[in-house]
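Secondary and tertiary structure notes
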Amino acid sequence: MRSIRKRRNVYAILFAVCVFLTAGLCATSVIEEVLIAVLVFGVLSITSLVLLVRQSRQLYAATLIWDNRILAVPSALISMPDHLMKQGTEETVVSTFGILIGSDIYQWGLEGVNGVRLYAVEIDKERMYLTFGDKARTMRIELLHGMTQKKELTDAASKLLHETGVTAEITGW
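Attention here is on the structure that accompanies the text.

The rules behind each value
Residues numbered from 1 in each chain as written. Predicted model: local features only at pLDDT ≥ 70, side-chain atom pairs only at ≥ 80, totals over all residues. Heavy atoms only, no water. Salt bridge = Lys/Arg side-chain N within 4 Å of Asp/Glu carboxyl O. Helix = DSSP H or I, 4+ residues; strand = E, 2+ residues; numbered from the N terminus. Buried < 20%, exposed > 50% of the residue type's maximum accessible area, 1.4 Å probe, protein only. Core = buried A, V, L, I, M, F, W, Y, C linked by side-chain atoms within 4.5 Å. Contact = heavy atoms within 4.5 Å. Expected span 1.5 Å × (residues − 1). Pairing = 2+ DSSP bridges. Axes fitted to C-alpha atoms, helices over the stretch in contact; angles between N-to-C directions.

Things to note about the pattern of salt bridges
One pass over the full model with this rule turns up four salt bridges. In this structure, E122 engages R140 in a salt bridge whose closest nitrogen and oxygen atoms are separated by 3.5 Å. Taken together, the residues E122 in strand β7 (residues 117–123) and R140 in strand β9 (residues 138–144) connect sequence positions 18 residues apart. On the basis of relative accessible area, E122 is assigned to the partly exposed category, the value being 28%. Salt-bridge contacts for E126 lead to R127; the nearest nitrogen and oxygen are separated by 3.2 Å. E126 sits in the exposed class, given a relative accessible area of 51%.

Here it is in structure tokens:
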């Protein structure tokens, strides 16, 4: 989440600088000589504004996931059909609204019936497997949960059921 916030701040500074330079160049008396520079900085201002809005939305989604977390683990293994597995080495947060792996956000439940949904949760002694996706693409994430007590496990499973409506399948306990 820190990297998302840092990128948002960089885009905000870039936007402010571009707007300041565009306004400053527009205020000069020799407008014909700086017309190209004004156009360039104007385009950079618009581009940085679009990037800033996009990054602000991503930060909002990450904050929503972080504030409503069910489980936080140190790493994750992501697999998709027809793709190689990807190792997420940054902290992974499972939430009511999605999953945050470093700066990658996978949200579910936003677009109704046709959107991305959490389909299945499987928990064994060492790992938790989350399967989610939409009609076009399904993803499976493997988490090393680190829960050693059965009470911790049942608490996490009941919280998942309560928050997402998906019953966790518990095996090997």
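Details of the nonpolar core
In summary, soluble globular proteins display a tendency toward joint burial of nonpolar side chains. In this structure, I99, V121, M128, L130, F132, I141 and L143 are the most contacted members of the largest nonpolar core, which totals 26 residues. No other element matches the four residues that helix α3 (residues 150–164) contributes to this core. Apart from residues no more than four positions distant in its own chain, L143 is found in contact with V73, S75, A76, T92, V94, E126, R127, M128 and L130. By size, the runner-up hydrophobic cluster in this structure holds six residues, among which are I4, L59, A62 and I65.

Section: helix α2 (residues 35–67)
Along its 33 residues, α2 runs 47 Å from first to last C-alpha, staying within 8% of the 48 Å computed at 1.5 Å per residue. Listed as buried for α2 are V38, G42, S45, S48, L52, Q55, L59, A61, A62 and I65.

Here we look at the sheet that holds strand β1 (residues 69–73)
Strands sit in the order β1-β4-β5-β6 across an open sheet of four strands; the sheet is antiparallel. Pairing within the sheet leaves two strands with one partner each, and these edge strands are β1 and β6 (104–107). In this sheet, adjacent strand axes meet at a mean angle of 10 degrees when their direction is disregarded. When strand β4 (residues 92–95) meets strand β5 (residues 98–101), the two strands line up antiparallel, connected through three bridges. Bridge assignment links T92 to a residue of β5, and that residue is I101.

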